[in-house]
Amino acid sequence: MKVIVDRSRCTGHGRCYVLSPEVFEPDDDGYCTTNLAEVPADLLGQAERGAANCPEEAITVGAGTDSNG
Ligand code: SF4
């Protein structure tokens, strides 16, 4: 699974990285970023929790279809 943060939507509430610190982290300005190109299975719940709690709907978690199908 991939996790994508739409930084044009992110307003820096911080809910994602407070709730799911192993997937999301703040940049220097408090906006969300992630270092995970692929979310390992054991962190998928965290990724989905962050996405579900983002008021701006800036986080998408889903299967990648652009490389290995
Ligand atoms: S919860 Fe959403 S708006 Fe807030 S920092 Fe995370 S991605 Fe950005």
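Just so it is clear, the model here is predicted, and its values are computed rather than measured. (Residues numbered from 1 in each chain as written. Predicted model: local features only at pLDDT ≥ 70, side-chain atom pairs only at ≥ 80, totals over all residues.)

1. A word on the environment of Gln-46
Along the chain, Gln-46 turns up in helix H2 (residues 44–52). Given 19 C-beta atoms within a 10 Å radius, Gln-46 is considered partly exposed. Placed 43 residues apart in sequence, Gln-46 and Val-3 show a C-alpha to C-alpha distance of 11 Å. Contact partners of Gln-46, with chain neighbours within four places excluded, come to Ser-20, Glu-22 and Val-23. (Helix = DSSP H or I, 4+ residues; strand = E, 2+ residues; numbered from the N terminus. Buried ≥ 20, exposed ≤ 12 C-beta atoms within 10 Å, placed from the backbone. Contact = placed C-beta atoms within 7 Å.)

2. Some remarks on the pairing of strand E1 (residues 2–5)
On E1, burial follows the alternation: Val-3 and Val-5 on one face are buried, whereas Lys-2 and Ile-4 on the facing-out side are not. Pairing between E1 and strand E4 (residues 59–62): four bridges, direction antiparallel. Within E4, the position partnered with Val-5 by the bridge is Ile-59. (Pairing = 2+ DSSP bridges.)

3. Comments concerning the site of the ligand
The ligand sits among 14 residues. The nearest are Cys-10, His-13, Cys-16, Cys-32 and Cys-54. For the shell around the ligand, the per-class residue count stands at eight nonpolar, four polar and two charged. (Near = placed C-beta within 6 Å. Nonpolar A, V, L, I, M, F, W, Y, C, P; charged D, E, K, R; others polar.)

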